[in-house]
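Structural characterization, general
Letter by letter, the chains look like this.
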Amino acid sequence: MSSANLFERFEREGEVLYGRNIFTKKQPRSRVLNEIKQEVEKVLDKYPADPENVLVDFVELDKSDQGYYLLCRDRDWQQQAGDLPEKLEPETVLDWWQQLVKTLDYIRAAELDWRFITLDQLRFSSASSGYQKSAVRLLPPELSEILLKYGDAEVQMAEEYFRPPELIEGGMAAGEKSLVFSLGVIIYYFLTGSPPFQGRDKSEVVDRIITDSRLPLRNLSPEIVPALGELVDSCLASRPEDRPGIAELQEKIEALSGRRLKLNPGDYRQESGKFERRIKLFNLKQSLKLNVKRRWHLLLLAAVIIIMIPLMFFSTGVEEQITSSHSAEEVTRYFYQSINDKNLTLLDDTAVVDLGRLRRMVSESYVMETVRQFYEMQVPEETDDELTADEPDGEEFATLFGVEDLELELEQEREDELIFRADYQFFFNTEEGKIELEARDYLRLNIINERWQITGISGFMKDIITGDFEETEDGG
């Protein structure tokens with residue numbers, strides 16, 4: 001939308017002002033209108049022009065035949081974040097960051113109650129000025145809210161994306177540290193095209209903010225120099241004391257000014273595979289957490305079954321499935337087969353090590369899939385017309401996770417000890433689709449009680465066992 005459509009030209013005592021109708025979406029009732037007018041007038045008195053000229057310098061609220069207009073001296077602030085490119089040049093973003101930090105420092109020094117900022121409070125100079133030279137402008141939160149509710153402004157991202165953990169958990173704002181956090185969210189978004197904390201709904205976004213579940217900035221934008229990425233990441237720390245203060249932030253931004261902020265492709269191309277792997281592992285971890293939360297009632301049933309099964313077999317014992325006749329390679333294959341089949345008994349019979357989180361995943365998934373199969377048996381057959389595109393109808397989603405394309409290689413052989421290298425695809429089915437990861441393990445087997453048993457595991461499956469889904473090096 002052009003600036004001519006957004007602003008009307010006014011003249012006041014020889015001065016040219018530009019006005020914007022704040023009630024383009026809907027006109028409130030008279031009683032509400034009077035309250036809004038009073039609120040706007042208070043805001044205009046509350047926020048004086050800042051030295052950096054980032055706060056939009058509103059002069060007055062003027063009533064004309066067409067409506068109520070906010071008058072200001074500058075008309076070049078109509079763009080919202082949705083009008084900008086998906087990713088911005090880091091030099092432009094750093095310049096905006098510096099301007100905003102100085103303005104927020106001015107606001108804080110004036111003891112104005114501004115707990116955090118959102119993307120909806122930002123405006124930008126027109127496209128005619130060019131994105132590289134465009135300036136960032138800031139609206140007081142009260143005016144931003146009015147324009148979103150009654151004017152032509154559009155919500156860019158919900159407020160929950162910018163709210164720091166200390167406010168989400170019912171505490172008080174941490175002063176400048178809360179401002180630093182919300183501003184860090186905005187800068188992360190400008191540099192990557194994605195918010196740092198994402199989710200299917202607001203509750204999931206809030207959960208990820210509280211648990212600090214996010215990817216470091218350079219995983220999404222590897223071309224950004226590490227110093228800039230680390231500075232943005234530090235602003236998003238879940239604990240206020242771990243974030244820089246405004247003064248420290250200004251110093252670090254100033255130190256980056258004038259420096260090259262993007263790497264040459266050759267400087268980060270070798271790391272691109274590592275970053276892609278981290279993104280996949282992060283998504284896998286979040287999918288696991290989501291499945292646990294959404295299926296808590298099934299997990300409760302799983303817990304009951306897990307407790308009852310040992311009691312059922314306590315007096316008679318469980319028959320061993322691995323015997324002295326099985327080779328070490330067969331035992332290793334049974335280990336991965338038990339993961340695919342969700343066979344907890346066979347899994348326990350292949351190894352004498354603590355399988356930790358892997359054992360819980362197998363048992364919980366077994367119950368989930370058993371219950372799901374039971375439910376599916378109760379559902380009447382549907383015609384092809386009744387099937388929707390979002391409902392999988394094949395074997396692809398028969399299991400939550402598993403192992404494919406397993407290849408075993410004997411790495412080391414001793415009289416009573418063998419070490420196998422296992423290369424495979426670990427997959428996890430989510431509602432968005434199938435996640436596949438290249439994985440490698442090293443498994444040590446020894447003869448225990450006259451049969452081969454897994455006595456040590458390292459590599460990808462070790463991270464599953466410990467619950468650590470951070471990146472591991474091949475062969476680690």
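This text follows the structure it describes.
Please read all numbers here as calculations on a predicted model, not as lab measurements.

What follows covers the pairing of strand β4 (residues 67-72). Within a regular strand, side chains alternate between the sheet's two faces. Most of β4 is tucked away, with 6 of its 6 residues classed as buried. With 4 bridges connecting them, strand β2 (residues 15-21) and β4 associate as antiparallel partners. Residue pairing across strands places G19 opposite L71, the latter belonging to β4. Relative to β4, strand β3 (residues 58-64) is paired through 6 bridges, and the arrangement is antiparallel. Residue pairing across strands places F58 opposite C72, the latter belonging to β4.

Tallying each qualifying case throughout the model produces 25 salt bridges. Of the charged contacts in the structure, one is a salt bridge between E204 and R208, with a shortest N-O distance of 3.1 Å. Here E204 pairs with R208, and both are found in helix α7 (residues 202-210), just 4 residues apart, close to one helical turn. Comparing E204 with R208, the two get one shared label, buried. The shortest N-O distance in the salt bridge between R359 and D348 comes to 2.8 Å. Separated by 11 residues along the polypeptide, R359 in helix α16 (residues 356-378) and D348 in helix α15 (residues 344-350) bring together distant segments of the chain. The class of R359 is partly exposed, set by a relative accessible area of 31%. The class of D348 is partly exposed, set by a relative accessible area of 30%. Each of E411, R421, D423 and R440 takes part in salt bridges that share partners, so that together they form one network.

Next up on the list: the pairing of strand β10 (residues 451-459). The element β10 is largely enclosed, with a buried count of 8 among its 9 residues. Two successive antiparallel strands, strand β9 (residues 433-448) and β10, enclose a turn made up of 2 residues, where N449 displays a positive phi of approximately 50 degrees.

Turning to the nonpolar core, a few remarks are in order. F58, W97, L122, L138, F190 and L228 are the most contacted members of the largest nonpolar core, which totals 78 residues. Counting residues per element, this core draws most heavily on helix α6 (residues 176-192), which supplies 10 residues. For F58, the residues in contact, after removing those within four places along its chain, are L44, L70, L71, C72, W77, L139 and L143.

A complete count under the given rule lists 13 aromatic pairs for this structure. For the pair F23 and Y68, a centre-to-centre distance of 6.0 Å together with 85 degrees between the ring planes defines the contact as edge-to-face. Residue F23 is located in the loop between β2 and α2 (30-46), and its partner Y68 is located in strand β4; the two are separated by 45 residues in the primary sequence. Exposure remark for Y68: the relative accessible area of 9% places this residue in the buried category.

Moving on: the packing of α2 against helix α4 (residues 141-150). Here α2 crosses α4 at 145 degrees, and the two axes come no closer than 10 Å. Here α2 runs over α4; the crossing is left-handed. Contacts from V32, I36, E39, V40, V43 and K46 of α2 reach α4 at E142, L143, I146 and Y150. Residues of the contact of α2 with α4, tallied by class, amount to 7 nonpolar, no polar and 3 charged.

With that out of the way, let us pick up the packing of helix α9 (residues 226-235) against helix α10 (residues 246-256). Interaxial distance between α9 and α10 falls to 11 Å at its minimum, and their mutual angle equals 165 degrees. By the criterion of interaxial angle, the relationship of α9 to α10 is roughly antiparallel. As for how α9 packs across α10, the hand of that crossing is left-handed. Seen from α9, the contacting residues are A227, L228, L231 and C235; seen from α10, they are L249, K252, I253 and L256.

As a further point, take the environment of Q66. Its place among the elements puts Q66 in the loop between β3 and β4. The exposure class assigned to Q66 is exposed, which follows from its relative accessible area of 59%. C-alpha separation for the pair Q66 and F23, spaced 43 residues apart in sequence, amounts to 9.7 Å.

Sheet strands pair via backbone hydrogen bonds, and the direction of the pair is either parallel or antiparallel. Taken together, the 4 strands give an open sheet; going across it, the order is β7-β8-β9-β10, and neighbouring strands pair in antiparallel fashion. Of all strands in the sheet, those with a lone pairing partner are β7 (401-413) and β10, marking the two edges. On average, each strand axis in the sheet is tilted by 30 degrees relative to the strand beside it, whichever way the strands run. Across the sheet, helix α14 (residues 328-341) lies against β7, β8 (417-430), β9 and β10, angled at about 160 degrees from β7, the strand it touches most.

On to a negative patch on the surface, then. Among the surface-exposed residues, D405, E407, E409 and E438 lie close enough to one another that they form a single negatively charged patch. The element that contributes the greatest number of residues to the negative patch is β7, accounting for 3 residues. Mapping E409 onto the fold places it in strand β7.

Turning our eyes to something else, we now look at the sheet that holds β2. Across the sheet, which stays open at both edges, the 4 strands sit in the order β1-β2-β4-β3 with antiparallel pairing between neighbours. In this open sheet, the two edge strands, each paired with only one partner strand, are β1 (8-12) and β3. Adjacent strand axes in the sheet meet at a mean angle of 35 degrees, parallel and antiparallel pairs treated alike.

Let us look at the environment of I435. Checked against the element boundaries, I435 lands in strand β9. Here I435 falls in the buried class, since its relative accessible area comes to 16%. Spatially, the C-alpha atoms of I435 and K280 are 7.3 Å apart, while their sequence positions differ by 155 residues.

Bringing unusual backbone geometry into the picture now. Positive phi is not limited to glycine here, since N53 has a value of about 55 degrees. Mapped onto the fold, N53 is located in the loop between α2 and β3. Within the chain, N449 stands out as a residue other than glycine whose phi angle is a positive 50 degrees. Within the fold, N449 resides in the loop between β9 and β10. Overall, N449 belongs to the exposed group, its relative accessible area being 71%.

What counts, and at which threshold
Residues numbered from 1 in each chain as written. Predicted model: local features only at pLDDT ≥ 70, side-chain atom pairs only at ≥ 80, totals over all residues. Heavy atoms only, no water. Buried < 20%, exposed > 50% of the residue type's maximum accessible area, 1.4 Å probe, protein only. Helix = DSSP H or I, 4+ residues; strand = E, 2+ residues; numbered from the N terminus. Pairing = 2+ DSSP bridges. Salt bridge = Lys/Arg side-chain N within 4 Å of Asp/Glu carboxyl O. Core = buried A, V, L, I, M, F, W, Y, C linked by side-chain atoms within 4.5 Å. Contact = heavy atoms within 4.5 Å. Phe/Tyr/Trp six-rings, centres within 6.5 Å; stacked < 30°, edge-to-face > 60°. Axes fitted to C-alpha atoms, helices over the stretch in contact; angles between N-to-C directions. Left-handed = near helix turned anticlockwise from the far one by under 90°. Nonpolar A, V, L, I, M, F, W, Y, C, P; charged D, E, K, R; others polar. Parallel < 35°, antiparallel > 145°, perpendicular 65-115°, else oblique. Patch = residues over 30% accessible without salt bridge, like charges linked within 9 Å, V, L, I, M, F, W, Y side chains within 5 Å. Areas by Shrake-Rupley, 256 points an atom, 1.4 Å probe, with all protein chains shown as cover. Lys, Arg positive; Asp, Glu negative; His and termini not counted. Charge placed at Lys NZ, Arg CZ, Asp CG, Glu CD.

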